[in-house]
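# Results of the structural survey
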Amino acid sequence: MPDLYAYTDGACSGNPGPGGWGVLMLAREGEAVVKERTLQGGEALTTNNRMELMAAISALEALTRPTEITIVTDSAYVKNGVTTWIHGWKRNGWKTAEKKPVKNAELWERLDAAQQRHKVAWRWIKGHAGHAENERADELARAGMAPFKTR
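The notes below deal with the structure included here. Just so we're clear, the structure is a prediction, and the values are computed from it rather than from any experiment.

This next bit is on the sheet that holds strand β1 (residues 3-12). Spatially, β3-β2-β1-β4-β5 is the arrangement adopted by the 5 strands of the open sheet, whose pairing is mixed. Strands with a single pairing partner mark the edges of an open sheet, and in this sheet they are β3 (32-46) and β5 (119-124). Each strand of the sheet is rotated relative to its neighbour by a mean of 20 degrees, with strand direction disregarded. One ladder, built from 6 bridges, connects strand β4 (residues 68-73) with β5; its direction is parallel. Residue I69 lies in a different strand from β5, and its bridge partner there is V120. Strands β1, β2 (17-29), β3, β4 and β5 of the sheet are contacted by helix α1 (residues 48-61), whose axis makes an angle of about 155 degrees with β1. Those strands touched by helix α2 (residues 76-91) are β4 and β5, and its axis lies near 140 degrees from that of β5.

Quick notes on the rules
Residues numbered from 1 in each chain as written. Predicted model: local features only at pLDDT ≥ 70, side-chain atom pairs only at ≥ 80, totals over all residues. Heavy atoms only, no water. Pairing = 2+ DSSP bridges. Helix = DSSP H or I, 4+ residues; strand = E, 2+ residues; numbered from the N terminus. Axes fitted to C-alpha atoms, helices over the stretch in contact; angles between N-to-C directions. Contact = heavy atoms within 4.5 Å.

Have a look at this one:
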């Protein structure tokens, strides 16, 4: 059984502004890639954090059956949010420790629901640091944003 990885990224031109998200999904046996799938999308007016979340959500929602997957993100916001902060937010009725509404709560709820069916390992990597798969995800995110950018 191959190991499944999803490299996710979000991009925004202005924050807020037109944005896009991209996912490079790879099934690997050892170092060999045995299957590849790409996903991308975007919105006319959004934020970088929302696009980072949409990339992770889209990766998980694309899986048709319960799967063991490693999601690799360059977003500390997504990684810390889904592995640490979300537990307190849920306990507090989607409020922060300061009793303020959690930003992007509807996307955090969607991400939480999407990951429930799967066994997800979350990994953070430094963005724009020459990591080939992360660079591909960034290209997909920029392509997802392209239709929403006005010249």
